[in-house]
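Close look at the chain arrangement
One-letter residues, chain by chain:
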Amino acid sequence: MQSKGAIKFFAIALTLVCIYQLSFTLVTRNIENDAREYANGDPILERNYLDSISSLPVYNLLVKNYTYQECKERELNLGLDLKGGMNVTLEVSVEEMIRAMANNSTDATFVKALALAKNMQTNSQDDFVTLFGQAFSQVDPNAKLAAVFSTRELQDRVKFDSTNDDVLKVIREEAEAAIDRSFNILRTRIDKFGVTQPNIQRLAGGRILIELPGVKEPERVRKLLQGTAKLEFWETYENKEVFDYLNTINTLLGNDVDGVAPVADTLAATAVTTDTLLAAATDTVNETESLLSKIEADSSKADTSGQASFEEFSKKNPLFAVLSPAIFQNEQGQSEYRQGPVVGFAATKDTSKVNSILAREDVIAKLPKDLKLLWTVKPIDNESKVLELIAIKVSGVDQKAPLEGDVITDARQDFGQLDSRPEITMNMNPEGAKQWRRLTSENIGRSIAIVLDDYVYSYPTVQGEISGGRSSITGRFEINEAKDLANILKAGKLPAPARIVEEAVVGPSLGQEAINAGLMSFVISLVLVLLFMVLYYSNAGWVADLALFANVFFVFGVLASLGAVLTLPGIAGIVLTIGMAVDANILIFERIREELANGKGMRLAISDGYKMAFSSIIDSNVTTLLTGIILYIFGSGPIQGFATTLIIGICTSLFAAIFLTRLVFDARVEKGKTINFSNRYTEGAFKNMKINFIGKRKMAYIISSTIIIIGIVSFVVRGFNFGVDFKGGRSYVVRFDQDASTVDVRNTLAGAFGTAPEVKTFGANNQVKITTTYLISDASETADSKVETALINGLGIQPDQIMSSQKVGPTIADDIKTSAIWSILFSMIVIFLYILIRFKRWQFSAGALAALAHDVLIVLSLFSLLHGIVPFSLEIDQAFIAAVLTVIGYSINDTVIVFDRIREFLHIHHKKTDMKPVINDALNSTMSRTINTSLTIFFVLLAIFLFGGEVIRGFSFALLMGIVVGTYSSLFIATPIVVDLMKDDSEIKPVVSPFAKA
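Since the structure is predicted, the reported quantities are computational estimates derived from the model, not experimental observations.

1. Some remarks on the pairing of strand β2 (residues 64-67)
Every regular strand shows the same layout, with side chains that alternate between the two sheet faces. Both strand β1 (residues 57-61) and β2 contribute to a ladder of four bridges, which runs antiparallel. Across the sheet, the residue bridging to Asn60 is Asn65, located in β2. In this structure, the hairpin formed by β1 and β2 is closed by a connection of two residues, where Leu62 is found at a positive phi of approximately 55 degrees.

Spelled out as C-alpha cells, the structure:
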C-alpha cells in the first residue's frame, strides 16, 4: 500500500483532534456530577452551583484556561430527546405584515384576497406573497394593488400607476426584510434567555427553527418567542368621562332585549338599580370586589329587599351584568367615580362576552371615535380573577400611539423603590426622551397607559414632568416575567407576529430514559458485532473490531468538532453505522479468502483482496452517502440528526475499514505473524452454492406482486396510521401512576376536547400517547396552554406527568408530507443516474429502481396491515421517512455490490454464449458477503428494536423489515429484472469498473 506515512499522519492527527474535542465533554460531565452530589437532589441548588462557577477556569489545556461556560459550549451536544427541552418552529405571519403595510385597509377586494390566500396556503408550496397576488387577481382581475398600498410609508416605492407586479415585488422585499429582522430579534432574545447551546436557524417559507435543550418552562418560552413587543404609551380618559357612554350602551342593549320599555323609563330604572347595587361594592387600593361576583353570590338567595333577581337584572342590563362599572362607596356612603382610567371590572371568563358586546356596530356608534378600551394583562389578584378595562384616548389622524417602543435603547429587570416588587426600567433615545417629556408635562394628574401587544401593563398617574427618557413599567410581575419582558423590549419589536406552527417538548426524565435505552442498544449491538467478527473471521476479526472501535470514536469526535447534535435517531444512525461498517471488512475478508483459496500467498492475497473489493465498497457507500445527503437536505430536527451521524459514519468507516486495517495487516505480515481469516467451522461456509436465482425469478415476481397487491388493498381499506407530522395536531405522551385504560382516557378527554382524541398505549401499560386536533387551527398565543390545561384537568394529572408533547400545524404538516414524498422520489432519481453512469446501461438502473420501489411498497404494506395489531406504534411520520430512506440506502448498497460482482463475472466470462449461468454464479459468489452483512445488520437492528426505547420502536421495525426485504430484492428482483430487460444475451456485455485498477 502506498502513502503509508500520510495515512498514519492523518490517523494520528484525527485521533488527537477527537481527543481534544471530546475532552470538554468529560470535563463538563465531571463538574455536573460534582454539582449533583453537592445539591443532593435539589435542582435549584444544583443550578446555583453551576452558575457560580460558570465564569471560573475549570480546565487547563496547554496555553489556555477554559471556563465552565466555554467547556459547555464545546462539549458534545445532546438533542432534546436525550437531554429534554423544547424544539419550536415559528412562522412569521406575512399576512399580518401585508395587512399592516396596507394600514389595515378595509377594501373588500383586499380583505377577500387575504382570506383566500390563507386558504390556498394549506395545499400549496408557494410563498404567501405569491398566493396573495394570485388571490387578488382571482377576486377582481381589474383591481389595482397600488390603490391599497399607496400609503404614506410606501409613497416613495408605490405610485398610483404602479402595476400589480411592481407592488408585489415591494411586498416581497418587505416580507424578506421582516423575516430577516425577526430572525435576528429572536436570536437576541434566545441569547439573553440563558439557555446553554441553543440552536436557531432560518428555514424556507418564512419559518425559523429554534432548539432549546434543557428548557423546563415551555409556556415561558412560548411567550418569549411569540410576543411581538408592540410597546405603546397612550393618553387615557378619566372614568367619569366614559361612564355615561357605557350606561347608554347598557340601556340600549336592555331595551333591545326587553323590546317594550320606553328608553326614558329604562334609563331611570337602570340608574336606580345600578346605584343601589354599586353602593354595596367597595374599592381599595389593593383589592376590588367585582359587582358581578356580588350579584352572583346573592342571585341564589330570596329577593327580600325588593330588588330584581340577577336573571332579571341581566336581561335589562346586559353590559353591566358582565362588566361592573368602576364606582365605589365613600366614607359617607355615597357612590363615587373611581379616579383614573379604569372604567370597569370583569371576571376573566366574561371578558369575551364584554368584547363581543363592544364589537357590535350599534355599540361602536355610541362611543367616541377616539376611545379605545383595552384589558389589563393580569388579574387584580389570583383569587378574584378580575381584569380591569382601561379607557385609552386615541389622537391623531394615523391612530398611532404618541410614543412607541422603537425609542427604547435599554431595558432591564429591576425592583421598585417603595414596594420592592419586580419592574422593568427603560431608557429612551433623545427623540423618545423629548416625546416622553412632552407627554408627561401635558398629562400631569392624569394617567398614561403603558400597553404591550394590546394589553395594559400599568397606567401610572403622572405626578410631574419626566425628563431624561427614563421610565419604568410595573404590573404585578414575577421576576422571570419581568426579565423576559425586559429581554423582549431590549431585543426589539418583531416586524410581524411569529406563531408556533410546530413544537416538540421532551421532559428531562424521558430524555434520561432515552439515553439509557440508546446506550443499552448501542452496547448490545456493539458486543454482537464484535463477537460475530471474531467467531467467524478468527484473528482477522480482531483487526476489524479494532477498526470498529476507531470508527465509533471518530464519529463522536467529529460530531463534537462540528458542533452537531446527537439525537436518539442519531444514536440509531451510529448503531446502524456499526452494522454497515463491518460490511466493508466483510467484503475485503471474503475477497482475501477467495485469493487464498486460489493458492496465493498471504501478502499477495491481502493486496489483491483489497484491490478487488475496492470497487464494490466505493459504489455501495457512495449510494448510501447520497441517500444520507438527501435525507439531511429534506429532513429536519431528529431526521437531520440521523442523517448527520449516517454521513459521518460512512466517511469514518471507509477510512477505518480500508486504510487502518490494511496498516495492521501489513505490519503483521512484515513481522511474520500469522493472520487467519477463518476457522475450521467457517472456512467452507457458503461455498459451492448453486441456487438458480434467474430460474426462480417468476416465482419471486408472483410472491412480491401478491404481497404488494394485498398491501394496496390495505392502503385503500385500512389506510395508514399517520402521525401528527403528516396530519397536523397535538400529541402528548402521558405517564400514569397505575396501568391506564385507553378507552377510559379517550372517554374522559372527549368532554374536555369536544371530540374524542386518539389514545394508544405507548410502551408500558401506564403510559399512553394522546393525539388530538383540538384548537390546532387557533393561532392565538394562549391556544397551547389551553389545550394543555384541558388535558391536565381532564385526566386529573400533574404537569410533570406529561413526558413529551408535539404540535404540528395544518400548513406545516402538508409541507412535511410534500418534502417527504420529494425526498424519496429525488433519492431514487439520483440513484438511477448514479448507477446509469457507473454501469453504463439503463437496464441496471431500471432493475435497481424496481427493487427500491418494491422495498418501499413492501414496508408500506406491512405498516398498513399491522398497525393496531402489533403492540407498538406504527405511525407514518418523519422518522418513518428516515427509515424508508435508510432502507433505500441499504438496498441500493446491497444491489450495487451484487451488480459489481455480475460486472466482474461478465468481464471474465464474456466469451460464453449463455450468460444466465454466469449471472447465477456471480450471485452465488456473493452469498457469503450478503448473508454475513445482512445478519450483522439484522442483529444490530434487533438490538435497537428490543432495547432502543419506545420512541424509535416503529422506526427500528421499519428498518428491520427493510433489511430483510432489501436483501431479498437484490437477489430475486433487481438482477432478474435486468436480465428480462435485455433483449438477448448479446446485450449482456462486460463493463469494466473504473476502480478495477485502484
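2. A short note on the confidence of the model for the protein chain
Low-confidence regions, as indicated by low pLDDT, have predicted coordinates that should not be scrutinised in detail. Taken as a whole, the protein chain shows an average pLDDT of 79; of its residues, 84% reach a score of 70 or greater. Summarising per-element confidence for the protein chain, the mean pLDDT is lowest in helix α12 (residues 263-278) (35) and highest in strand β12 (residues 371-375) (93). Within the model, pLDDT remains below 50 along residues 258-308, and this stretch shows 57 contacts once partners closer than five positions in the same chain are excluded.

3. Describing the nonpolar core
Phe589, Phe665, Phe880 and Ile888 are the most contacted members of the largest nonpolar core, which totals 114 residues. The element best represented in this core is helix α30 (residues 878-908), accounting for 17 residues. Phe880 has contacts with Val859, Leu860, Phe863, Glu875 and Ala958, leaving out every residue within four places of it along the chain. Counting residues in hydrophobic clusters, the runner-up holds 50 residues, among them Val88, Ala146, Val167 and Leu225.

4. Considering the sheet that holds strand β16 (residues 422-428)
The three strands lie next to each other as β15-β16-β19, forming an open sheet whose pairing is antiparallel. The open sheet terminates on both sides in strands that have one partner only, identified here as β15 (408-415) and β19 (470-473). Averaged over all pairs of adjacent strands, the angle between strand axes in this sheet comes to 25 degrees, irrespective of strand direction. As paired elements, β16 and β19 share four bridges and run antiparallel to each other. The residue bridging Ile424 from the neighbouring strand is Ile473, located in β19. Where helix α17 (residues 430-441) meets the sheet, it contacts β16 and β19, and its direction lies at approximately 110 degrees from that of β16.

5. A look at α30
For α30, which comprises 31 residues, the first-to-last C-alpha distance of 45 Å matches the rise-based estimate of 45 Å (1.5 Å per residue) to within 8%. The buried fraction of α30 amounts to 28 of the 31 residues, a majority that puts the element mostly inside the structure.

6. Here's the deal with the environment of Gln21
Checked against the element boundaries, Gln21 lands in helix α1 (residues 4-39). For Gln21, a relative accessible area of 15% translates into the label buried. Gln21 sits 53 residues away from Arg74 along the chain, and the two C-alpha atoms are 7.2 Å apart. Among residues more than four places away in sequence, those in contact with Gln21 are Arg74, Gly557, Ala560 and Ser561.

About the criteria used
Residues numbered from 1 in each chain as written. Predicted model: local features only at pLDDT ≥ 70, side-chain atom pairs only at ≥ 80, totals over all residues. Heavy atoms only, no water. Pairing = 2+ DSSP bridges. Helix = DSSP H or I, 4+ residues; strand = E, 2+ residues; numbered from the N terminus. pLDDT = per-residue confidence, 0-100. Contact = heavy atoms within 4.5 Å. Core = buried A, V, L, I, M, F, W, Y, C linked by side-chain atoms within 4.5 Å. Buried < 20%, exposed > 50% of the residue type's maximum accessible area, 1.4 Å probe, protein only. Axes fitted to C-alpha atoms, helices over the stretch in contact; angles between N-to-C directions. Expected span 1.5 Å × (residues − 1).

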